[in-house]
Amino acid sequence: MAEQDWMSEMRGMVGREYGRVYAWDKVNEPMIRQWCEVMGVTNPLYTDAAYAATTAHGGIVAPPAMLQAWCLEGLHANNYPPGSTTENPYEVLKLLDSQGFASVVAVNSDLGFERYVKPGERLYYTTRLDAVGDEKTTALGTGYFVTLLMSFFAEKDGGDEKVGTLLFRVFKFRPATPVEPAGEASAAAAPKYKRPKPGISDDTRFFWEGCAAGRLRIQRCMGCGTLRHPPGPVCPACQSFDWDYVEAAGTGQIYSFVVMHYPEVPPFDYPNPVALVELDEGVRLIAGLTGIKRDEIRIGQRVKVEFQTFDDALVLPMFRPLEP
Ligand code: ZN
């Protein structure tokens with residue numbers, strides 16, 4: 001599609017209203033109670049009928065922040081109740097995908113409330129494609145801010161009532177191509193991203209201290225002798241809390257692998273091959289592969305550990321093919 005064609009198609013979508021998406025269930029106390037439990041909300045207005053009856057609300061109401069929960073599709077995508085629209089309010093995102101603006105990052109989401117909703121009310125929402133901004137270039141890349149506005153209503157005889165809104169804005173972009181620093185000055189100015197560090201606990205310290213010493217250590221149950229990885233406090237085989245470790249030979253085979261291409265998150269090199277290595281001792285661990293081209297990686301390939309230091313501080317086990 002020529003640029004002006006898809007651009008005018010996109011601009012033509014702005015302002016479009018998409019039909020109703022209904023809630024599977026009426027506003028109800030069990031969902032309210034479960035939501036409050038999960039979110040750690042203890043306000044008795046939401047869960048204690050006797051207390052709620054003494055308030056201005058006259059009974060239990062739903063927490064306003066729960067608004068979006070009522071009309072969710074559930075476990076399976078696009079599974080909406082009968083009567084819901086079959087239109088796709090995200091068609092503009094598909095159009096942007098087709099033009100190479102395939103990456104997405106949620107920018108902001110604002111909930112607005114008109115009134116409380118009560119058990120027994122049936123909700124639905126409609127969606128309006130509110131805006132598509134001008135082309136913008138950010139650190140992530142070049143693309144468009146897309147704003148969708150969902151309006152929630154409660155069904156009512158004599159006219160449905162608006163109960164709240166959800167504004168949802170995403171940035172659809174074409175990722176920035178990494179630019180080589182022009183010289184020392186720009187290299188110094190560019191942010192230096194470091195590898196994320198592992199969380200180290202009493203159960204895992206031996207492993208990381210081993211890496212720092214160039215040793216691959218595997219946790220061993222002192223009750224039954226079973227080896228396990230990743231390290232944990234309890235033996236899954238015999239439930240013993242007693243453990244020590246053995247030093248692995250460092251050899252094994254590629255049990256499975258993935259090659260990460262995208263998104264390119266610094267400071268990793270791409271493509272980034274990551275393997276599930278089965279050690280000769282029988283346990284498996286996840287680690288980066290080194291010294292191999294991505295299309296040469298094979299299941300069953302023999303590999304050997306080597307330790308690489310990142311950011312002058314973090315030592316990670318990496319695996320290199322034993323034979324090219
Ligand atoms: Zn055990």
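Residues numbered from 1 in each chain as written. Predicted model: local features only at pLDDT ≥ 70, side-chain atom pairs only at ≥ 80, totals over all residues. Heavy atoms only, no water.

A. Broad picture of the sheet that holds strand β13 (residues 302-310). Pairing in this closed barrel of five strands is mixed, and the strands run β10-β11-β12-β14-β13 around the ring. Mean inter-strand twist for the sheet, computed between neighbouring axes without regard to direction, equals 50°. Where strand β10 (residues 251-260) lies against β13, three bridges are found, and the strand directions are antiparallel. The residue of β13 that forms the bridge with Gln253 is Arg302. Its contacts with the sheet place helix α6 (residues 205-212) against β12 (284-289), β13 and β14 (314-321), and it is angled at close to 70° to β14. (Pairing = 2+ DSSP bridges. Helix = DSSP H or I, 4+ residues; strand = E, 2+ residues; numbered from the N terminus. Axes fitted to C-alpha atoms, helices over the stretch in contact; angles between N-to-C directions. Contact = heavy atoms within 4.5 Å.)

B. Highlighting a nonpolar patch on the surface. On the surface, Val105, Val107 and Leu140 cluster together into a nonpolar patch covering about 210 Å² of accessible area. By secondary structure assignment, the location of Val107 is in strand β2 (residues 103-113). (Patch = residues over 30% accessible without salt bridge, like charges linked within 9 Å, V, L, I, M, F, W, Y side chains within 5 Å. Areas by Shrake-Rupley, 256 points an atom, 1.4 Å probe, with all protein chains shown as cover. Salt bridge = Lys/Arg side-chain N within 4 Å of Asp/Glu carboxyl O.)

C. Broad picture of the pairing of strand β6 (residues 161-175). Pairing geometry for β2 and β6, over ten bridges, is antiparallel. Counted as the bridge partner of Val105 is Phe171 from β6. Across 14 bridges, strand β5 (residues 141-154) lies against β6 in antiparallel orientation. Paired with Leu149 across the bridge in β6 is Leu167. Between β5 and β6, which follow one another and run antiparallel, lie six residues, and Gly158 among them has a positive phi close to 80°.

D. Structural context of the sheet that holds strand β8 (residues 227-228). Here we have three strands laid out as an open sheet, ordered β8-β7-β9, and antiparallel in their pairing. Because the sheet does not close on itself, it has two edges, and the strands there are β8 and β9 (243-247). Bridge analysis of strand β7 (residues 217-221) against β9 gives five bridges, and the strand direction is antiparallel. By the bridge assignment for β9, Cys221 is matched with Trp243. On top of the sheet, α6 reaches β7 and β9; it is set at about 150° to β7, its chief contact.

E. Spatial organisation of the environment of Ala212. By the secondary structure assignment, Ala212 is in helix α6. Placed 194 residues apart in sequence, Ala212 and Tyr18 show a C-alpha to C-alpha distance of 57 Å.

F. Spotlight on unusual backbone geometry. Cis peptide bonds are those with omega within 30 degrees of zero, and the linkage from His229 to Pro230 qualifies with 0°. In this structure, Pro230 sits in the loop between β8 and β9. Cis geometry marks the peptide bond from Tyr270 to Pro271, where omega comes out at -5°. Residue placement: Pro271 occurs in the loop between β10 and β11 (272-279). Although it is not a glycine, Gln239 adopts a positive phi angle of roughly 65°. Along the chain, the position of Gln239 falls in the loop between β8 and β9.

G. Representation of the environment of Asp295 within the structure. In this structure, Asp295 sits in the loop between β12 and β13. Remark: the alpha-carbon pair of Asp295 and Val259, spanning 36 residues in sequence, is separated by 9.4 Å.

H. Layout of the pattern of salt bridges. In this structure the tally under the stated criterion is 18 salt bridges. A salt bridge links Arg16 to Glu87; the nearest nitrogen and oxygen atoms lie 2.9 Å apart. You can see Arg16 sitting in the loop between α1 (3-13) and β1 (17-22) and its partner Glu87 sitting in the loop between α3 (49-53) and α4 (91-98), a full 71 residues away along the chain. Since its relative accessible area comes to 32%, Glu87 is described here as partly exposed. One connected set of salt bridges, linked through shared partners, spans Arg115, Glu121, Lys156 and Glu161. (Buried < 20%, exposed > 50% of the residue type's maximum accessible area, 1.4 Å probe, protein only.)

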